[in-house]
Structures are given as C-alpha cells and as structure tokens.
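Fold and contact review
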Amino acid sequence: MVFLEGKREMTLQLVGITKSFEQADGKSLVAKVVLQDISLTIDDREVVGILGPSGCGKTTLLRIIAGLDQPTEGEVLLDGEAVSKPGARTKMGMIFQEHALLPWRSVLENVSLGLEIQDVSRSKREEKAMRYLELVGLVSSAHSRPYELSGGMRQRAAVARALALEPSFLLMDEPFSALDPQTRKQIQTDIIRIQEKTAKAIVLVTHSVEEAILLADRLVILSANPGKVRRILEIDLERPRDSMSRPFLEMRKEVLGLLGGG
Amino acid sequence: MIRKLILPIAIIIIWEAVALYVHNPFVLPTLESILSVLLMPTADLLGSGSLLENARVSLFRVALGFVIAALLAVPLGVAMGRWEGFKEIFEGLISALRPVPPLAWVPLAMAWLKIGLASVVFIIALGAFFPILLSTMQGVRGVKRSWQEAVWMMGANDADLIAKVILPGSAPEIWTGMRVGFGIAWMCVVAAEMLPGTSSGLGYLIMYAYGWGQIQVVVAGMVAIGLLGILIDRFFMGVERRWFSWRARER
C-alpha cells in the first residue's frame, strides 16, 4: 500500500493573524481581541501542537487556518496562496471534536464523500475509501451507520474521511477529548502510526499536555486574553515516546510551567 | 390486545342495538346496511358512481394539490431556512395567510377559478402548503453546522451543500411536514367536495347520499374516507421508519 506518493512540499504560513470581535460592554461596543498577531510557519510532515488555557482562542485559530473563519487582520497562506481561495480547502483535512459524520450515510459513504464531491467515479472512490478504512482499522464497519459505532470508531472514521482527499495538512480540533482515556490512548498511538505512514503535517489543538508532547514535533503555547504566542517549544524526544519516561516528564513540567503563567 | 378491542366491540353492539330499537334508517342505519355498501365497493351508488370510483377521484384531486403544494413549499422552505434575507421577505405574508383556514378560501377560489377541478385543487394545495413549508424551514435550520462545515472543507460549493447535506439532513422534518400536510389536504378535499359545484368524489358522495336519505351510504362513505386517510398515513410512517430512523438515534 503506497501512501507516500511523491508530493511537492507544502508550507502553511500564518502571517500576523489577529482576530477581534465586537462585544457589548454596557452601552458601547468594545473590541475584544481574541488572537493577536500570530505568525507561524508549519512545514510539510511536521506535527505542530497548539496548547493554551481555555479561552486563548486556539479553536478560533484553527478555524482561521481552515478557512472557516476570517481573521480581522493578517492572512493564512498555503503554499503562498491565500487559504480563502476555494482550491485550498481540499489540501487540508479537518477533524472536529464531535465527529461530524453524516448520520444518513454509511461509514464508507461518509469517507468517500470528499471524492464524490470531486466527481471521482464510484468504483475508484470506494476503492480509495476502503484503503483508508483499512489504515484506520475500520474495514469491517464499512457498511455500518455512524450511530452503530463507538465514539473511538467514529473518530477513526472521521480521520479516514479527512485522509481520503489526500490533503497535505491535517487540522485537528481537540479530536479525542470526548473519548474515554483508554480509547484515547489507543487512537493516539494509531495517529502516530498513520502520520508516519502517510507523512502528513498535522496541526493539533488540544488541552492535554500529555497528548501534545506525545504527538508533536513542535509545541506552540498560547497565552490568553488576548491569545498570543507565548513560546514555541521544540520537542526533540525520541520516538516512540514513553509518557512515563524521565525526559517526557521533564518536558511536561516545563510546558505546565509555561501554561500556568498564562 | 383485548383492551384494544373492548371499545370497538362495545360501539358495534350499542350501535346495532340502538339502530334496531330506533328502527329508522334515515337516522341510524343498521350495521348490516352499512356493511353491504362497503363490501360492494364497485357497485354503483345512486347513479353517481361506485365507492371505488369516487375514492379514485378524491385521491387524484388530493394528489394533484399535494404535489403542487410540495413543489412550491420545499424550495421556498429551503431558501427561507438557509438565507435570512429570504425569510424576512416572506415571513410577513406567510404568517398573515397561515391562520386562514383553507376552506375560507373557497369563495375566492370559485371567483378566480370558477367551479371545477382548479378551485378544488387550489384549496387542497393551500391546505398542504403551510405545514410543508414550516417543517422544511425548521428542518433546514436544524441541520448541524458541523456537518456543513465538514463537507465544506472537502471542497463543496453551495449546490453540493444543499444536495448532500441540507436536503438529506432535513428530509425527516420535510417528510413529517408532508405527512401533516397530507392529512390536512385529505380533509380539505372531502370538505371541498361537499360544496356546490362538485359532482364526484367521496365528499360529494356522502352529501348526495344524505340528500336521498341513504344514511348507510353516508356512514359507509365516512368509513372509506377514514380508512384511506389511515392507510396513507401508514405509508408516510413506513417510509419514515425505513429511511429516517437515523434522526431518532442522532438525538
């Protein structure tokens, strides 16, 4: 099974992203700055974790990267082109916190939906969808409906769906926070395996420090009110990472320290 | 099971007893006379066609009116549910017209469209229109944002979103609206057929039979009307169970 098809290297650039809302404060409208001047470059094949206290705007930031929300200032460039252009979306796959699978479609139909929109023929898209279902370990559930699956399986299906269009970047918004700890651990391991196999870049928003250190090559730590980049940490722990090992725990301490001062 | 049969059996016994006592077929026909009409649905009744014939005519009218209503209400409902601007333009008119019972439109319908199929279908369409419109709007608004965003991320344009997310996502509500709309349409057709100007259909039949004192035909006609209404409702329910069971699990 070949997944590493010779793709051009792509870069995701955030240039001076600022996002503010108008909020009512008594009688007047006050600008509430949620994100301020965030700049970041994410390379092909990198796993970048975004961590921060609640309210620091990390989900908003991810949505801006995906093109679902617009920044007040600044822009997001995928390979030099603005992400607001229609073509950019398919180069990014998004996984939401709640799986967002369409309940009236089977798992296979959900995973192949992106290919359907791209007008790929039925046999080709089913074949491709099955490949990705195999990768996430859901082949036997291909014809089940989402409501017949457990939470972990649904998220796997969501991953397969995001991968089916073979995007260069995977955006994940706290994808495993709704799962129980055991399932979560299992799927984290799977994500590492999948990432190595498919060599995607991943931008992962999470509020679990362990998860971030486990998966990421780099950690962007945001502070809150307004959301600014506090620090960018390189995580150069060797893989496979053991969350019980000394270096891991020390890294965790450091990150918690940085978060605590938010 | 027995509990369900108590009332029907009691009604049958009481009816027959009272009918025999009163001994006046112009007021309370015996069950036997009613049954004999029902068991010969193809026999001509009073020169105005058989039970089956008139049922066919009523069904045709209601189907026509219903389809017209659906073809207008669903697209409008999708537009009003999806785009706030649309909603603001139409909602004033809709809320003004909605409380008017369809049958109140009969005089106007006759003035505009004259006596005949057109005015009857107009009333039926009016009856079915509002429930379908409102349910469609509600269904569209209830389509989860996350579904739309997920599909948008896969490169869908507006048309794709409507075809692949909005319509399938709101289909259960639209179907429920259609079921309610049909129920109203069925009542409208029977009532509209009772008014002067029609010469066929189940509503016409029972009115005509009353005029001739054939009350057993009236009651038989009512049973037929009720039976057809139930059967069609069952059809709607069956489809809902087969195609839209996902909606209940989603909740």
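One structure accompanies this document, and this report is about it. (Residues numbered from 1 in each chain as written. Chains lettered and ligands numbered in written order. Predicted model: local features only at pLDDT ≥ 70, side-chain atom pairs only at ≥ 80, totals over all residues. Heavy atoms only, no water.)

A look at the overall build of chain A
When helices and strands are counted, chain A shows eight helices and 10 strands. By the compact-globule yardstick of 18 Å for 262 residues, chain A fits well, its C-alpha radius of gyration being 19 Å. The principal-axis extents of the C-alpha atoms in chain A amount to approximately 55 × 45 × 35 Å. Sorting the 262 residues of chain A into buried and exposed places 53% on the buried side. Summarising the internal contacts of chain A: among those between residues at least 6 apart in sequence, 70% fall at separations of at least 24. (Helix = DSSP H or I, 4+ residues; strand = E, 2+ residues; numbered from the N terminus. Rg over C-alpha atoms; globule rule 2.2 N^0.38 Å. Buried < 20%, exposed > 50% of the residue type's maximum accessible area, 1.4 Å probe, protein only. Contact = heavy atoms within 4.5 Å.)

As for the overall build of chain B
Counting its regular elements, chain B contains 11 helices and zero strands. Secondary structure of chain B in N-to-C order comes out as α-α-α-α-α-α-α-α-α-α-α. By principal-axis analysis of the C-alpha atoms, chain B measures approximately 75 × 50 × 30 Å. Within chain B, the fraction of its 251 residues that count as buried is 45%. Sequence separation of 24 or more characterises 69% of the internal contacts of chain B that already satisfy a separation of 6 or more. Carbon and sulfur atoms form 71% of the exposed surface of chain B, whose accessible area is close to 13600 Å². Charge centroids of chain B, computed over 19 positive and 15 negative side chains, lie 6 Å from each other. (Areas by Shrake-Rupley, 256 points an atom, 1.4 Å probe, with all protein chains shown as cover. Lys, Arg positive; Asp, Glu negative; His and termini not counted. Charge placed at Lys NZ, Arg CZ, Asp CG, Glu CD.)

Focus on the sheet that holds strand β1 (residues 11-25) of chain A
Residues and elements named next belong to chain A. The strand order across the open sheet built from four strands is β2-β1-β4-β5, with neighbouring strands paired in antiparallel fashion. The open sheet has two edge strands with one neighbour each: β2 (28-43) and β5 (81-82). Contacts between helix α1 (residues 58-66) and the sheet are confined to β1, β2 and β4 (73-78), with β1 contributing the most and set at about 125 degrees to the helix. (Pairing = 2+ DSSP bridges. Axes fitted to C-alpha atoms, helices over the stretch in contact; angles between N-to-C directions.)

Here we look at a nonpolar patch on the surface
All names here are of chain B. A cluster of nonpolar residues, Met1, Ile2, Leu5, Ile6, Ile9 and Ile13, forms a patch on the protein surface that exposes about 670 Å² of accessible area. Mapped onto the fold, isoleucine 2 is located in helix α1 (residues 2-22). In this structure isoleucine 2 comes out as exposed when scored by relative accessible area, which is 67%. (Patch = residues over 30% accessible without salt bridge, like charges linked within 9 Å, V, L, I, M, F, W, Y side chains within 5 Å. Salt bridge = Lys/Arg side-chain N within 4 Å of Asp/Glu carboxyl O.)

Topic: helix α5 (residues 151-164) of chain A
Residues and elements named next belong to chain A. With 14 residues, α5 extends 20 Å between its outermost C-alpha atoms, agreeing within 8% with the 20 Å of an ideal straight helix rising 1.5 Å per residue. Buried residues dominate α5, accounting for 11 of its 14 residues. When α5 is considered as a whole, its buried residues turn out to be Gly152, Gln155, Arg156, Ala157, Ala158, Val159, Ala160, Arg161, Ala162, Leu163 and Ala164. Glutamate 166 sits one or two residues past α5 and shows a positive phi near 50 degrees. (Expected span 1.5 Å × (residues − 1).)

What to know about the interface of chain A and chain B
Frequently, the measure chosen for interface size is the accessible area removed from exposure when the parts meet. Facing 25 residues of chain A, the contacting portion of chain B comprises 20 residues. Of all residues in chain A, the largest losses of buried area upon contact with chain B belong to Arg89(A), Trp104(A) and Ile117(A), amounting jointly to 33% of the total for that side. There are two salt bridges connecting chain A and chain B. Put simply, Arg63(A) and Glu149(B) hold a salt bridge, and the shortest N to O gap is 2.7 Å. (Buried area = accessible area lost by both parts, 1.4 Å probe.)

Remarks on the packing of α5(A) against helix α6 (residues 181-198) of chain A
All names here are of chain A. The geometry of α5 relative to α6 is characterised by a closest axis approach of 10 Å and an angle of 20 degrees between their N-to-C directions. When the interaxial angle is binned, α5 and α6 end up roughly parallel. For α5 against α6, the interelement crossing comes out right-handed. Contacts between α5 and α6 involve Gly152, Gln155, Arg156, Val159 and Leu163 from the former and Thr183, Gln186, Ile187, Asp190, Ile191 and Ile194 from the latter. Residues that form the contact of α5 with α6 fall into these classes: five nonpolar, four polar and two charged. (Parallel < 35°, antiparallel > 145°, perpendicular 65-115°, else oblique. Left-handed = near helix turned anticlockwise from the far one by under 90°. Nonpolar A, V, L, I, M, F, W, Y, C, P; charged D, E, K, R; others polar.)

Section: the pattern of salt bridges
Side-chain pairs of opposite charge can arise whenever the charged atoms involved come near each other. The final tally for this structure, using the stated rule, is 23 salt bridges over all chains. With a shortest N-O distance of 3.0 Å, Glu116(A) and Lys164(B) are connected by a salt bridge. One end of the pair, Glu116(A), is in helix α3 (residues 113-117); the other, Lys164(B), is in helix α8 (residues 158-194), on a second chain. Between Asp190(A) and Arg156(A) there is a salt bridge, with its nearest N and O atoms 2.4 Å apart. Of this pair, Asp190(A) sits in helix α6 while Arg156(A) sits in helix α5, placing them 34 residues apart in sequence. Using a relative accessible area of 15% as the deciding quantity, one classes Arg156(A) as buried. Residues joined by salt bridges that share partners form a network here, namely Arg63(A), Asp69(A), Arg145(B) and Glu149(B).

Considering the packing of α8(B) against helix α10 (residues 215-243) of chain B
Residues and elements named next belong to chain B. Axis separation between α8 and α10 bottoms out at 10 Å; the angle between their running directions is 170 degrees. As the angle between them shows, α8 and α10 are arranged roughly antiparallel. Across from Trp175, Thr176, Met178, Arg179, Phe182, Trp186 and Val190 in α8, the residues of α10 making contact are Ile225, Leu228, Gly229, Ile232, Asp233, Phe235, Phe236, Met237, Val239 and Glu240. For the contact of α8 with α10, the per-class residue count stands at 12 nonpolar, two polar and three charged.

Observations regarding the pairing of β4(A)
Residues and elements named next belong to chain A. Relative to β4, β1 runs antiparallel, the two being bridged by five bridges. Its bridge partner being in β4, threonine 18 is matched across the sheet by glutamate 73. The sheet contact formed by β4 and β5 spans two bridges and is antiparallel. Counterpart to leucine 77 in the pairing with β5 is alanine 82. The antiparallel pairing of β4 with β5 creates a hairpin that spans two residues between the two strands, and aspartate 79 there sits at a positive phi of about 60 degrees.

Here we look at the side chain of Ser243(A)
Here Ser243(A) shows up in the loop between β10 (228-234) and α8 (246-260). In this structure, Ser243(A) is in contact with Lys185(A), Phe248(A) and Leu249(A), ignoring residues within four places of it in sequence.

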